[in-house]
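Examination of the molecular architecture
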Amino acid sequence: MKFGSKAYEYALMELSRRRGRSKYEYEKRIADIEDRIPEIARLRSELASTSIKLSKVILARNSNTRELIEQMADENLAMQENINNLLIENGYSPDYIKYQYHCDLCEDSGYHNGVRCSCFNTLLKNFSSKELSGASHIKLSSFETFNLGYYSDSFNEDLGIVPRKKMEEILHYCEKYADEFSTESKSICMSGQTGVGKTHLSLSIAKVVISKGFNVIYGSSQDLLRDVEREHFGKSNDDKDALGSLLGCDLLIMDDLGTEFESSFYNSVIYNIINSRLNRGLPTIISTNLSLSELESRYSDRVVSRLMVYDFLRFVGSDIRQIKRFK
Ligand SMILES: Nc1ncnc2c1ncn2[C@@H]1O[C@H](COP(=O)(O)OP(=O)(O)O)[C@@H](O)[C@H]1O
Ligand SMILES: [Mg+2]
Ligand SMILES: [Zn+2]
């Protein structure tokens with residue numbers, strides 16, 4: 001599962017759809033009006049011919065060029081006013097035959113003064129969210145469906161805790177985290193055996209954070225790293241910025257750290273992601289089946305030492321996937 005990378009493509013497609021739609025609707029309104037009010041059709045074609053007349057006047061270089069131009073400008077204005085009056089008389093607003101953009105700022109190009117327009121950013125956010133919510137897992141994973149009944153309520157001698165109590169704390173921590181989420185939120189490391197709810201709770205957080213309009217990328221470390229690798233070695237056939245979006249999204253959820261293929265390239269990307277996001281102060285949620293000592297033996301000190309500033313949530317319990325299967 002990998003989300004967020006297609007958002008750019010979808011956003012561009014939507015902008016292009018908007019431009020096409022504006023043009024189509026504009027032409028339809030014009031045709032409709034010219035059909036209903038033939039005088040407007042006549043005035044509009046006369047207006048269209050003035051630019052040709054104008055260039056003729058300029059090319060002729062007569063002594064009275066300036067007067068002629070001024071006269072034409074006056075006539076133009078008069079015709080415009082005529083059209084407006086005809087529209088009003090027939091119950092239309094003069095704006096009815098103006099070109100209407102979805103976004104006036106960038107005229108649906110997606111860029112304004114050389115930077116991404118806010119309409120484009122909104123699309124990117126929405127599409128990232130849509131990709132995520134389109135996945136079946138997230139539909140089932142929410143705080144509401146997180147059942148504490150799956151965790152034992154008797155004291156566990158080895159761990160020195162009551163699992164249900166511990167998981168209740170973790171659930172509340174996650175609910176609060178999602179509620180109060182900002183791009184300055186802390187980073188979290190969820191650790192614990194398989195099937196104890198790490199993915200379930202990280203997706204529950206994602207759902208809430210997305211609904212607030214933040215840009216969230218969720219993926220298994222395996223999938224996320226593979227995308228970066230493909231991009232790095234030029235095997236990617238689209239021009240999305242895989243690494244850039246992992247480093248810059250509002251919330252990155254990297255699931256199952258430690259299940260990816262072991263390679264020095266992956267290790268350096270993992271370091272880059274963790275380090276860059278910490279430097280930028282952006283929150284990351286990492287989940288892993290590895291214990292702290294397993295993390296230490298697998299990853300370099302510089303990776304583990306940075307993970308130490310994360311809030312650690314130690315999940316406990318038995319494999320809920322198994323419990324559900326035999327119920
Ligand atoms: N507390 C819970 N209540 C209900 N379903 C749960 C709970 N914890 C986990 N599950 C479900 O059990 C399965 C395994 O959980 P998951 O979150 O994937 O575990 P992990 O990521 O820790 O391996 C998923 O289908 C998940 O939705
Ligand atoms: Mg998981
Ligand atoms: Zn715009």
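For clarity, every value in this text was computed on a predicted model and none was experimentally measured.

As a further point, take the site of ligand 1. Taken together, 16 residues surround ligand 1, and among them Asn147, Gly195, Lys198, Thr199 and His200 come closest. Within the side chain of tyrosine 151, a nitrogen or oxygen atom sits 3.3 Å from a nitrogen atom of ligand 1. Here arginine 321 contributes a side-chain N or O atom positioned 3.1 Å from an oxygen atom of ligand 1. Relative to its unbound accessible surface of 550 Å², ligand 1 loses 91% to contact with the protein. Counting residues per element, the ones that place at least two in the shell around ligand 1 are α7 (198–211) and α13 (320–325). The residue makeup of the shell around ligand 1, split by class, is five nonpolar, eight polar and three charged.

Think of an α-helix as turning once every 3.6 residues; residues three or four places apart then point the same way. Taking 1.5 Å per residue as the helical rise, helix α6 (residues 163–179) with its 17 residues ought to reach 24 Å, and the 24 Å between its terminal C-alpha atoms agrees with that figure. Residues of α6 that are buried: Pro163, Met167, Ile170, Leu171, Cys174, Tyr177 and Ala178. One side of α6 holds all its buried residues, which, seen down the axis, span an arc of 130°. Projecting away from the buried face of α6 at angles above 90 degrees are the exposed residues Lys165, Glu169, Lys176 and Asp179. On the buried face of α6, the contacting elements are β3 (188–191), α7, β5 (251–257), β6 (284–288) and β7 (311–314).

Definitions and limits used
Residues numbered from 1 in each chain as written. Chains lettered and ligands numbered in written order. Predicted model: local features only at pLDDT ≥ 70, side-chain atom pairs only at ≥ 80, totals over all residues. Heavy atoms only, no water. Near = heavy atom within 4 Å. Polar contact = N/O pair within 3.5 Å; in protein donor to acceptor, adjacent residues only side chain to side chain. Areas by Shrake-Rupley, 256 points an atom, 1.4 Å probe, with all protein chains shown as cover. Helix = DSSP H or I, 4+ residues; strand = E, 2+ residues; numbered from the N terminus. Nonpolar A, V, L, I, M, F, W, Y, C, P; charged D, E, K, R; others polar. Expected span 1.5 Å × (residues − 1). Buried < 20%, exposed > 50% of the residue type's maximum accessible area, 1.4 Å probe, protein only. Arc of directions from axis to C-beta. Contact = heavy atoms within 4.5 Å.

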